[in-house]
Amino acid sequence: MRLKTSVSLLNMNKIKKNFVVGVLALSMMAVVAVPTGLQAQNVNGEVQTTQKIVETLEANTAVLLQSNSPVSGIPSGFRFNTNLREGVRGSEVRYLQILLNTDPATGVATSGAGSPGNETDYFGPRTNAAVIRFQEKYTGEVLAPYGLARGTGFVGTTTRAKLNSILAEGVTPVDPTPPPVDDNLSAVLEQLQKLAEALAQLRARLDDIDEGITPPVDGEEAEIVASRLSTPRNVKLGSLQEKEVTAFEIESKEGASTIRRVDLIFDDSNVSRTNIERALESVSLVVDGEVMGSYSIVRNSIDRNNLSIRISGLEIEIPANETKSVYVRISTDEHQQSGVVGLRIPNDGIRVVDGSGLNQYVGGFDLRSFELTEREIAQISITESDDTPEERIVVLEEDDPTKDVELLHFNLEVEDGDVELIDLLVKITLTFSDDLNQAGFAGEFSDIITDVRVYYDGTLLDGETSDEALGSNTSKEFEILFSGLDLVLEEGEYEFMVEVDFSDLEKEYEGLEVSASVDAEDIEADDLFDFESLETSDLSGVAEGEIQYLYTVAPSLTVTETEIEYVRKDDYDTVVGSIMFELEALNGDVYLEKATTGDNLEFAVLRWTGSKDLDGSNGNLVLNLGHIYTDAKSSGGYFVVEEGKTEEFEIYFEISSRADSPGDFGTDRGRVEVESFTWGNKDNLDAYEWTGTFIEDFRTGRITIRE
């Protein structure tokens, strides 16, 4: 980057003097901060690197009015005098990379660390490979004196000699015309940037020593990218709550790395620092649900100058070319503060060390704001769960109770606080068959259902139960109250399940319909913050289970194929087709009624769904034939499918104009479907009738009839 300036040449000496003094003061401050003894030895490399950069800056500044460097970035008169190998650090490594990058055949890298303009002070594997290519390019001068044919990567006597000869060959006479001030000043500023990086490394090493950390040096350099995540957002925090309010992610490209430290800065434009400290209890960093580090908030714990906190001593590992999401979780104390608090990460707020031991600092972006709110009463809402059983047949065990029948799954969500669940009311509705309704049901709930259980998150709800019957003889609603639960539910979502046991029911209860429901308004619960009971306005939602049909013997029906077509037959327009299905007999023999002569349809009623009427006094269409094809056992008036067996059936149909008014079928569009299906036992062939859910697949595709 070139810095545009209008500084006159007459002022350059003054600039040079002030600049050098400033740089030396900065470097001295860093060196003075280094501890003594063994710890000083641990950072000796970083100190030497910093001092060498300072020396280079002095040299560059001394020739600010003219440049004699053959290679941009390498000081004039510099020569390689030190043996270099993989693992070492220093400014000579950077100059080595710069020189190697002047030749495409020996370049260190094309992008990232080590590439032109991104040279580093670390002699890593990429630099080692580039040196080998350099040595093999100049084999006669570098390798032949040692009898070698392949490069070693070690920068020794002959390699340094060749590097220095290239530097010497590139030297040109000094131009009597001073070079532009812009170019020289830019070169100095580049060195200043290198000094800042070196000081940052020195600071990081001192941080490591202070935290007792030994950085790894056996991996690759990594490129670190930090960014904010879109969620969570707009989080509200009342008293005594804990929530994740914002998040960021760190990507480690090329090599693995470890997050060591995170700085967070609060925004007090709406809430003062003092009130933030009063409201917050702690700030934690969470990765994959695990707390990786936290900071306790007490009085004067937030830096009053920049409202910052530092969470250090972290060990958040990021594998190479992977990303870690870090969530900021805040716990609040009991408070009555209100207002929006912002969070951001400063420019160097995240310290990451990669596998080569290189410390990198990233950040400089806003995180999400969160809102401190005055304490609100907790809320409970109920919704039906996807795990609720669909409408189905429950086959009862004959002469034996039927147990563990699930009726309802529902989700109970607690928001804005924690609650203690005191009472839970479950409603169970029983709808009786026509035969039983005629006499009226006067029995007890326990005659049908012997036990009702409620589980939450797989745990049996422990409490006293009682039941009360409401409603008519046709349909009775029983209220099952679970009281004295004293169940503490923290803010979150819980899944509940209602399960029942049936008694040894007689056949008169065939077709009994059972369902369960829970209404949030029937719940009694206390808010654990102030131990006040939740009002109706704090409770919402209803969960209703599907109807479960009870049978001691029942068929299981599966449609396998349907056909329909329009044909011209004699003087009639006719629709013909068939519905094929399988019937499995569950827990007993299933009987289907048929005509006493032939195998005509009796157990199912067909209908045409178009605008034309089928049969009836005003109908203009007639079902000429409803024939049954099956290998099932047949007797005079019925087919029978024995218990545990499956039989195939085909209903063949033919629909045409009425015989007393033959003619065109007319224009219409519709299909044929089974309106009702009856089945029974040997004593009563049409004891039970099904419509709706159980036979909804008994229908053909649609067909269009045109005149």
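Notes on the structure follow. (Residues numbered from 1 in each chain as written. Predicted model: local features only at pLDDT ≥ 70, side-chain atom pairs only at ≥ 80, totals over all residues. Heavy atoms only, no water.)

### Remarks on the sheet that holds strand β36 (residues 638-641)
Strand order in the open sheet formed by three strands is β32-β36-β35, with antiparallel pairing between adjacent strands. Unpaired on one side and paired on the other, β32 (590-593) and β35 (633-634) mark the two borders of the sheet. When β35 meets β36, the two strands line up antiparallel, connected through two bridges. Directly across from Lys633, in β36, lies its bridge partner Val640. (Pairing = 2+ DSSP bridges. Helix = DSSP H or I, 4+ residues; strand = E, 2+ residues; numbered from the N terminus.)

### What to know about the side chain of Arg453
Secondary-structure assignment places Arg453 in strand β19 (residues 449-456). A polar contact of 2.8 Å, which involves the side chain of Arg453, links it to the side chain of Glu499. Polar side-chain contacts of Arg453 include one of 2.9 Å to the side chain of Asp501. Discounting residues that sit within four places of it in the chain, Arg453 has contacts with Asp404, Leu460, Phe482, Met497, Val498, Glu499, Val500 and Asp501. (Polar contact = N/O pair within 3.5 Å; in protein donor to acceptor, adjacent residues only side chain to side chain. Contact = heavy atoms within 4.5 Å.)

### Brief notes about the pairing of strand β11 (residues 350-354)
Within β11, five of the five residues are buried, which leaves the element mostly enclosed by the surrounding structure. Alternating positions in β11 separate into two faces, Ile350, Val352 and Asp354 on one and Arg351 and Val353 on the other, with burial throughout. Summarising the sheet, strand β4 (residues 257-267) and β11 pair through five bridges and their orientation is antiparallel. Each residue of the ladder has a partner; that of Ser257, found in β11, is Asp354. Alignment of β11 against strand β12 (residues 359-362), held across four bridges, turns out to be antiparallel. Directly across from Arg351, in β12, lies its bridge partner Tyr361. Hairpin connection, β11 to β12: the antiparallel pair is bridged by four residues, and Gly357 has positive phi, about 90°. (Buried < 20%, exposed > 50% of the residue type's maximum accessible area, 1.4 Å probe, protein only.)

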